[in-house]
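An overview of the molecular structure
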Amino acid sequence: MTAVIRTEKLVKRFGHVTALDELDLEVVEGQTHGFLGPNGAGKSTTIRVLLGMLRADGGTARLFGADPWSEAAELHRRLAYVPGDVALWPGLTGGETIDVLGRLRGGIDKRKRDELLERFDLDPRKKGRSYSKGNRQKVALVAAFAADVDLLLLDEPTSGLDPLMAAVFNECVREVAAQGRTVLLSSHVMSEVEQLCDRVSIIRKGVIAETGTLAEMRHFTRSQVHAVLKNPVRGLGDHEGVHDLKTDGLEVRFQVDGTALDDVLAQLAVAGIASLTCEPPSLEQMFLRYYGDELAAKGVDNGGEE
């Protein structure tokens, strides 16, 4: 698969602060890739380097195989960017802004633009200065989804949108993905990433802590099991893959490592299963796994994740 985005040992410093510390990231053509991390982890800095807005202090960053710092103008014709806090030209209407952005990207599909205006319930006749935060986001989203581009860089794009408009956004991302276009989605909304993304990278302190499909990442995390058995189970608490075991008669609740799930379920089957619920870890739980120590330092309970 062709890499649309690739960074290798990417470094960016601001004075004595290292924002990106040899970050390796790859997003291949046609992929919707989730980019997760709390504020200050390096998500927006990475995207700004990819846009050519910041110059890296070390390593390499490539978009479509080209250097975004030296070839920004040409690369920007092939991408659309939506930040988490959109600033508009105050004297232009929303429609005029969408058209200007479209021309910068080599043209815009007017039929698609009009359809998106209706779907996002946006009045394009108002001046930029009069729009609320949510409506400013809509202007940028309509311009991005209506553009004929190969890559969408979306940095907290649903900030300020209500749940109905966030659902419209999700539909648009799925449509873009179905067309074979590439999306890098940075978001704090875990359910959004879980629903939309083929692959996820978790960034921590300027380094990719984990990357993979959700299925791959869940393999190394714990599922929640609740079972009602027909007979007592023996030795379950001695299994090194079982954690936080609670029993109440023939009812058991526990967490189990993904690598031990087959063995533990077989052990339950020997006792006889009357009912069983096994829930894989959510993306939020996986995310908290990598930030558990920081939460603990702040006195926050992260639900038993390590």
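Structure shown above.
The residue count restarts for each chain, going from 1 along the sequence in the order it is written. Given that this is a predicted model, residues contribute local features only at a pLDDT of at least 70 and side-chain atom pairs are listed and counted only at 80 or more, while totals for whole chains, interfaces and linings are drawn from all residues. The side-chain figures draw on all heavy atoms in the structure; neither hydrogens nor water molecules are used.

Counting buried positions over the five residues of strand 3 (residues 32–36) gives five, a clear majority of the element. Note on classification: 1.4 Å probe, protein chains only; a residue is buried when its accessible area is under 20% of the maximum for its type, exposed when over 50%, partly exposed between these limits. Under the scheme used here, helices are H or I runs from DSSP no shorter than 4 residues and strands are E runs no shorter than 2 residues, and both carry numbers assigned from the N terminus. Side chains Thr32, Gly34 and Leu36 project from strand 3 onto one buried face, and the interleaved His33 and Phe35 project onto a second face that is buried too. Where strand 3 lies against strand 7 (residues 182–186), four bridges are found, and the strand directions are parallel. Paired with Thr32 across the strands is Val183, a residue of strand 7. By the bridge criterion, four bridges tie strand 3 to strand 8 (residues 199–204) in an arrangement that is parallel. By the bridge assignment for strand 8, Phe35 is matched with Ser201. Any two strands are treated as partners once DSSP identifies two or more bridges connecting them.

So, on to the packing of helix 5 (residues 133–146) against helix 6 (residues 163–178). Taken N-terminus to C-terminus, the directions of helix 5 and helix 6 make an angle of 15 degrees; their axes are 11 Å apart at the nearest point. Between helix 5 and helix 6, the crossing angle belongs to the class labelled roughly parallel. The two elements helix 5 and helix 6 meet at a crossing, and its hand is left-handed. Mapping the contact onto sequence places Lys138, Leu141 and Phe145 in helix 5 and Met165, Phe169, Cys172, Val173 and Val176 in helix 6. Amino acid classes used here: Ala, Val, Leu, Ile, Met, Phe, Trp, Tyr, Cys and Pro are nonpolar; Asp, Glu, Lys and Arg are charged; the rest, including Gly, are polar. For the contact of helix 5 with helix 6, the class distribution of residues is seven nonpolar, no polar and one charged. Orientation is described by lines fitted to C-alpha atoms, with helices fitted over the stretch in contact, and by angles between N-to-C directions that extend from 0 to 180 degrees. For classification, angles of less than 35 degrees are called roughly parallel, those exceeding 145 degrees roughly antiparallel, those between 65 and 115 degrees roughly perpendicular, and all remaining angles oblique. Handedness of a crossing follows from how the near helix is turned relative to the far one, being left-handed for an anticlockwise turn of less than a right angle and right-handed for a clockwise one. The contact criterion used is simple: two residues touch if any of their non-hydrogen atoms lie within 4.5 Å.

This part is about the layout of surface pockets. Empty space among the atoms becomes visible once a probe the size of a water molecule is rolled across them. In this analysis a 1.4 Å probe is tested at points of a 1 Å grid over the protein atoms alone, and where it fits but cannot get out there is a cavity; an open set with protein on both sides within 12 Å along at least five of seven lines is a pocket; lining residues have an atom within 4 Å of a point. Grid points are joined across faces, edges and corners, and a volume is the space filled by probe spheres set on the points. Roughly 540 Å³ of volume is contained in the largest pocket. Taken together, 19 residues make up the lining of the largest pocket; nearest its centre are His76, Tyr81, Leu101, Leu104 and Arg105. For the lining of the largest pocket, the elements supplying multiple residues, two or more each, are helix 2 (72–76), strand 5 (79–82), helix 3 (94–104) and helix 5. Take the lining of the largest pocket: its biggest share by element is three residues, from helix 3. Class assignment for the residues of the lining of the largest pocket results in 14 nonpolar, two polar and three charged.

Moving on: the nonpolar core. With 44 residues, the main nonpolar core has Phe120, Phe145, Leu152 and Val200 as its most contacted residues. Examining the composition of this core, we find that eight residues originate from one element, helix 5, more than from any other. Setting aside chain neighbours within four positions, we find Val200 in contact with His33, Gly34, Leu36, Val193, Glu210, Thr211, Gly212, Leu214, Met217 and Leu283. Among the buried residues, those of types Ala, Val, Leu, Ile, Met, Phe, Trp, Tyr and Cys that are joined through side-chain atoms within 4.5 Å form a nonpolar core. In terms of nonpolar packing, the next biggest core, distinct from the first, is built from 23 residues, Leu23, Val49, Leu63 and Ile208 among them.

These values are about where atoms sit, not about what they do.
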